Amino acid sequence: MPLDSIRSLVQTDLDATDRFITTELQSHIPLINQMVQYILNCGGKRIRPLLVLLSARACNHNAKQHIDPAAAIELIHTATLLHDDVVDSSTLRRGHDTAHTIWGNEASVLVGDFLYSRAFQLIVKLQNLTVMNIFSDATNLIAEGEILQLVNCNDPDTTEASYYEVIQRKTGKLFEVGSQLGPAISSASPAACDGLQEYGMNLGIAYQLIDDALDYNASAEQMGKNVGNDLAEGKPTLPLIHALREGTTAEVALIRKAIETGSTDQLDAILAIIESTKAIEYTADAAKKHAYKANLALKHVPESPYRQALHDLSEFVVARSY
């Protein structure tokens, strides 16, 4: 199902979230307003706030308390992107120049910090200890995931297990948070809470697996970033890990050198190796397995159009081309 069809079920909530974000990010410092406006105009799929809104509605939440955490999770996600782009020296994000290439590393890091702090201001206003614990624990784990990814950079001996540990923390955790927040502000059963938490983690892992596959299997126009970006950053993602396992001695040597140096000089040859070792199929199959686990976890959530939308979202995640 197209993402727009899924979003349409909570479009009013999404619009309210966007308006709330715009209002809450106003600052008397012009640079902050300028950068924030640019970032917001660059778009994005808004999947994490979508998870908050759908999970809340699936748990029969009829008030408006879900708007604040939906906004907060998008701010935290945006902050991590600003910091990531500085660390990775990325030049493209969502088809636009990254903020640090326009305003510099210092401004990007500091505005990222501003978004983090504003997100926690929104969370504290809810006066919900469960929500505060979910967010505080998650941001710590996400930071650890970023550091672990940095440790793994340029290391061709990175194992599949270590790769999964990174994406569970770096991507899976924030998806998990999005799915936890709905039941946390509702009168959901413990089974529904646990089910949505499991759904979110598996959905996030599936999402990152497809992202990593698309890095070698989609155009820059589709992805909004340069093809082979992960290789240029020395990141040993699952397609490369699988190709290293299945390639010939010469192919393995070529990939190892590229990871160690962060060089894309041999990108065409590496893309051919990825294709011949069926690394994209292997990664996509792994994503489908996690999407299946996510959908199984939804059995603990009462039937509704919102639960169906969560199911459809997992199908979108593994079928997407951007």
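Above this note sits the structure.
Report on the accompanying structure.

### Description of the layout of surface pockets
Okay, so step 1: Quantified by volume, the second largest pocket comes out at close to 270 Å³.
Okay, so step 2: Among the elements that make up the lining of the second largest pocket, the one with the highest residue count is helix H8 (residues 129-152) (seven residues).
Okay, so step 3: Considered class by class, the residues forming the lining of the second largest pocket number seven nonpolar, four polar and three charged.

### What to know about empty space enclosed by the protein
Okay, so step 1: For the coordinates displayed, the defined rule picks out two cavities of 30 Å³ or more.
Okay, so step 2: For the largest cavity, the calculated volume is near 150 Å³.
Okay, so step 3: In terms of lining residues, the largest cavity is bounded by 15 residues, among which Ile 39, Leu 82, Asp 85, Arg 93 and Ala 99 are the most central.
Okay, so step 4: Mapped by element, the contributors of at least two residues to the lining of the largest cavity are helix H3 (30-41), helix H5 (67-88), strand S2 (96-97) and helix H6 (99-103).

### Concerning the nonpolar core
Okay, so step 1: Counting 78 residues, the largest nonpolar core has Phe 135, Tyr 199, Leu 209 and Leu 313 as its most contacted members.
Okay, so step 2: Ranked by residues supplied to this core, first place goes to helix H10 (residues 190-214) with 10 residues.
Okay, so step 3: Apart from the residues lying within four places of it in its own chain, the contact partners of Leu 313 are Leu 3, Ile 6, Ile 47, Leu 50, Leu 51, Tyr 199 and Leu 203.
Okay, so step 4: Core analysis: the next-biggest nonpolar cluster, separate from the first, contains 16 residues, Ile 270, Ile 273, Ala 279 and Ile 280 among them.

### Let's talk about helix H9 (residues 160-184)
Okay, so step 1: Where H9 bends most, the angle comes to about 45°, and this point is Gly 172.
Okay, so step 2: Most of H9 is tucked away, with 20 of its 25 residues classed as buried.

### A few points about the packing of aromatic side chains
Okay, so step 1: Counted under the stated rule, the structure contains five aromatic pairs.
Okay, so step 2: Arranged with centres 5.5 Å apart and planes meeting at 70°, the rings of Tyr 163 and Tyr 164 form a pair that is edge-to-face. Tyr 164 carries the same exposure label as Tyr 163, and that label is buried.
Okay, so step 3: Pairing Phe 316 with Tyr 322 gives two aromatic rings, centres 5.9 Å apart and planes at 65°, and the pair type is edge-to-face.
Okay, so step 4: For Tyr 322, a relative accessible area of 36% gives the class partly exposed.

### Some points on the packing of helix H2 (residues 11-24) against H5
Two numbers describe a pair of packed helices, the interaxial angle and the distance between the axes.
Okay, so step 1: Running from amino to carboxyl end, H2 crosses H5 at an angle of 65°, the nearest separation of the two axes being 9 Å. For the pair H2 and H5, the sense of crossing is right-handed. Packed against H2, whose contacting residues are Asp 13, Ala 16, Thr 17, Phe 20 and Ile 21, the element H5 presents Ile 67, Asp 68, Ala 70, Ala 71, Glu 74 and Leu 75 at the interface.
Okay, so step 2: Tallied by class, the residues present in the contact of H2 with H5 amount to seven nonpolar, one polar and three charged.

### Some details on the side chain of Gln 180
Okay, so step 1: Its location among the elements puts Gln 180 in helix H9.
Okay, so step 2: Here Gln 180 is in contact with Ile 134 and Gln 197, once residues within four sequence places are set aside.

### Some thoughts on the environment of Gln 37
Okay, so step 1: Checked against the element boundaries, Gln 37 lands in helix H3.
Okay, so step 2: Measuring from C-alpha to C-alpha, the distance between Gln 37 and Ser 304 comes to 36 Å, with 267 residues separating the pair along the chain.

### Focus: the packing of H8 against H9
Okay, so step 1: Two elements in contact, H8 and H9, have axes whose closest approach is 8 Å; the angle formed by their N-to-C orientations is 165°. Taken as axis vectors, H8 and H9 run roughly antiparallel relative to one another. Crossing of H8 over H9 shows left-handed handedness.
Okay, so step 2: Classifying every residue of the contact of H8 with H9 gives 12 nonpolar, six polar and six charged.

### So, the pattern of salt bridges
Okay, so step 1: Applying the stated rule across the entire model yields 15 salt bridges.
Okay, so step 2: Between Arg 57 and Asp 13 there is a salt bridge, and its shortest N-O distance comes to 3.0 Å. One end of the pair, Arg 57, is in helix H4 (residues 47-58); the other, Asp 13, is in helix H2, and 44 residues separate them in sequence. Like Arg 57, the residue Asp 13 is buried in the burial classification.
Okay, so step 3: A salt bridge links Lys 173 to Glu 176; its shortest N-O distance comes to 2.5 Å. Of this pair, Lys 173 and Glu 176 both sit in helix H9, three residues apart, which is roughly one turn of the helix.

About the criteria used
Residues numbered from 1 in each chain as written. Predicted model: local features only at pLDDT ≥ 70, side-chain atom pairs only at ≥ 80, totals over all residues. Heavy atoms only, no water. 1 Å grid on protein atoms, 1.4 Å probe; cavity = no way out; pocket = protein on both sides within 12 Å on 5 of 7 lines; lining within 4 Å. Points joined across faces, edges and corners; volume = space filled by probe spheres on them. Helix = DSSP H or I, 4+ residues; strand = E, 2+ residues; numbered from the N terminus. Nonpolar A, V, L, I, M, F, W, Y, C, P; charged D, E, K, R; others polar. Core = buried A, V, L, I, M, F, W, Y, C linked by side-chain atoms within 4.5 Å. Buried < 20%, exposed > 50% of the residue type's maximum accessible area, 1.4 Å probe, protein only. Contact = heavy atoms within 4.5 Å. Bend = angle between axes of the 7 residues up to and from the residue. Phe/Tyr/Trp six-rings, centres within 6.5 Å; stacked < 30°, edge-to-face > 60°. Axes fitted to C-alpha atoms, helices over the stretch in contact; angles between N-to-C directions. Left-handed = near helix turned anticlockwise from the far one by under 90°. Parallel < 35°, antiparallel > 145°, perpendicular 65-115°, else oblique. Salt bridge = Lys/Arg side-chain N within 4 Å of Asp/Glu carboxyl O.

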